[in-house]
Amino acid sequence: MAHEVLMPALGMAQDSGVIVAWHKSVGDHVKAGELLMEVETDKAVMEVEAQTDGYLSEIFSGEGEDVPVGQAIAVIALTQDTPASGRPSAPQPAPVITPETGTAPADRPATASPPAARTEKPAGYRILASPKARSLAAERGLDLSRLVASGHPQPYHVADLDLLTDMEATTRVGAATATRASAPALALQNLFSWLETEIEQVPGAVLAAFAAASYRAAAEIGIVTVLVREPTRSTAVFVDPDRSGLAALVPTDTSSAPDLVLNDLTSERGTEFRPGEGSVPEFSVAFEGDRVVATLAATTVSLDDDQRFACLDDFVGRLDEPLRHLL
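The structure presented is a predicted model; accordingly, all values stated were derived computationally and were not measured. (Residues numbered from 1 in each chain as written. Predicted model: local features only at pLDDT ≥ 70, side-chain atom pairs only at ≥ 80, totals over all residues. Heavy atoms only, no water.)

## Brief notes about the sheet that holds strand S2 (residues 16-22)
Next, step 1: Judged by pairing direction, the sheet is antiparallel, and its 4 strands sit side by side in the order S5-S4-S2-S7 without closing on themselves. Each of the sheet's edge strands pairs with one partner strand only, and the pair in question is strand S5 (45-49) and strand S7 (66-68). Each neighbouring strand pair of the sheet contributes to a mean axis angle of 40°, computed without reference to strand direction.
Next, step 2: As defined by bridge partners, strand S4 (residues 35-40) adjoins S5 across 5 bridges and the pair is classed as antiparallel. (Pairing = 2+ DSSP bridges. Helix = DSSP H or I, 4+ residues; strand = E, 2+ residues; numbered from the N terminus. Axes fitted to C-alpha atoms, helices over the stretch in contact; angles between N-to-C directions.)

In structure tokens, the structure reads:
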């Protein structure tokens, strides 16, 4: 007797699921409780186990396909020589699989949302990747969409992250490469509190001074014009802020194009920023818990790899010991 594998309902409001990956091939022997496939819904990618022993005799839906809940997607037969049925059956009520157990709850009947008509999603509509690949990519700061843009076939697994790492490390002329670093935040937070209460100075001005000094040393240039952007204040421009005292750090009325952009996110909850399309290097500074995180995005036109790392390292050193660099 053959057992049909149905697209499960992984949530009460789910109409369909996308098959991220099959962990078994046609002809493979499977055991009940063994990982069979991974399915993505709007909320998560979940592992689905086989519900019976046998042989995977047919697969009706391939990786990347969006399948209505309750529709047959495969067949597990008792023997390897079971004849193929040739087509999937109509959608049937599918078991609701809970994240805790991966199986249908025993204390209530399995239910499913009404099946939805299958719709074709355009290429790139969603990124298909195994949970482990997603987790490792997030830990390493890797962007899976770069694999999509390169045409690398989905779904993605851990082995694909090596290629993505190489892609992230490749610096293309004319394209900004972002590098992050962090330091303890306490000294900088204390300085900001003192600035605003004692001399009414804004944090962005001090950050502009640190950025200008670090960029000047790395790029070996003279005058440095810094454009400061801060979500709760209007933009301000500082010329050579690293060569002025704290009281003299005032915006300059100039129409000159900036040599450097400083995104001050220290008053925001967000920590990420999207650099502009130009060739001007951009710093961003934000607090993450007890750390201050700095990002430098620059093209090879403005800073080569060695200069970019040296510039960011010097800048983070100033954030770590701000008073030493202001005196």
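## Concerning the nonpolar core
Next, step 1: Formed by 38 residues in total, the largest nonpolar core has its most connected members in Leu 188, Val 226, Leu 262, Phe 283, Val 292, Phe 315 and Leu 319.
Next, step 2: Every element with two or more residues in this core is listed here: helix H4 (186-199), helix H5 (203-219), strand S10 (225-230), strand S11 (233-239), strand S12 (260-264), strand S13 (282-288), strand S14 (291-298) and helix H6 (305-320).
Next, step 3: Residues Met 7, Ile 19, Met 37 and Val 48 belong to the second largest nonpolar core, which totals 17 residues. (Core = buried A, V, L, I, M, F, W, Y, C linked by side-chain atoms within 4.5 Å. Buried < 20%, exposed > 50% of the residue type's maximum accessible area, 1.4 Å probe, protein only.)

## Notes on the packing of H5 against H6
Next, step 1: Put simply, H5 and H6 touch, their axes get as near as 9 Å, and they point 145° apart. Of the two elements, H5 crosses H6, and the hand of that crossing is right-handed. Across the interface between the two elements, Leu 207, Phe 210, Ala 211, Ala 213, Ser 214, Tyr 215, Ala 218 and Ala 219 of H5 pack against Gln 307, Cys 311, Asp 314, Phe 315, Arg 318 and Leu 319 of H6.
Next, step 2: Split by residue class, the contact of H5 with H6 holds 10 nonpolar, 2 polar and 2 charged. (Left-handed = near helix turned anticlockwise from the far one by under 90°. Contact = heavy atoms within 4.5 Å. Nonpolar A, V, L, I, M, F, W, Y, C, P; charged D, E, K, R; others polar.)

## Here's the deal with the side chain of Asp 160
Next, step 1: By the element assignment, Asp 160 lies in helix H3 (residues 160-169).
Next, step 2: Buried within the structure, Asp 160 lacks any salt-bridge partner; Arg 140 is the closest side chain of opposite charge, at an N-O distance of 11 Å.
Next, step 3: Beyond its immediate stretch of four places on either side in the chain, Asp 160 contacts Leu 147, His 152 and Pro 155. (Lys, Arg positive; Asp, Glu negative; His and termini not counted. Salt bridge = Lys/Arg side-chain N within 4 Å of Asp/Glu carboxyl O.)

## What about unusual backbone geometry?
Next, step 1: In this structure, Pro 155 follows Gln 154 across a cis peptide bond, with omega equal to -5°.
Next, step 2: Among the structural elements, Pro 155 can be located in the loop between helix H2 (145-150) and H3.
Next, step 3: Although it is not a glycine, Glu 220 sits at a positive phi angle of roughly 55°.
Next, step 4: The phi dihedral of Asp 240 is positive, around 50°, even though this residue is not glycine.
Next, step 5: Note on placement: Asp 240 falls in the loop between S11 and S12.

## Some details on H6
Next, step 1: Between its first and last C-alpha, H6 extends 23 Å over 16 residues, near the 22 Å set by a 1.5 Å rise per residue.
Next, step 2: Between the side-chain oxygen at the start of H6 and the backbone nitrogen of Asp 306 there is a gap of 3.2 Å, and the oxygen is on Asp 304. (Expected span 1.5 Å × (residues − 1). Polar contact = N/O pair within 3.5 Å; in protein donor to acceptor, adjacent residues only side chain to side chain.)

## Looking at the packing of aromatic side chains
Next, step 1: Here the structure, examined in full by the defined rule, presents 2 aromatic pairs.
Next, step 2: Geometrically, the ring pair formed by Phe 283 and Phe 315 is tilted, given 4.3 Å between the ring centres and 35° between the ring planes. Of this pair, Phe 283 sits in strand S13 while Phe 315 is found in helix H6, placing the two residues 32 residues apart along the sequence. Considered together, Phe 283 and Phe 315 belong to a single accessibility category, that of buried residues. (Phe/Tyr/Trp six-rings, centres within 6.5 Å; stacked < 30°, edge-to-face > 60°.)

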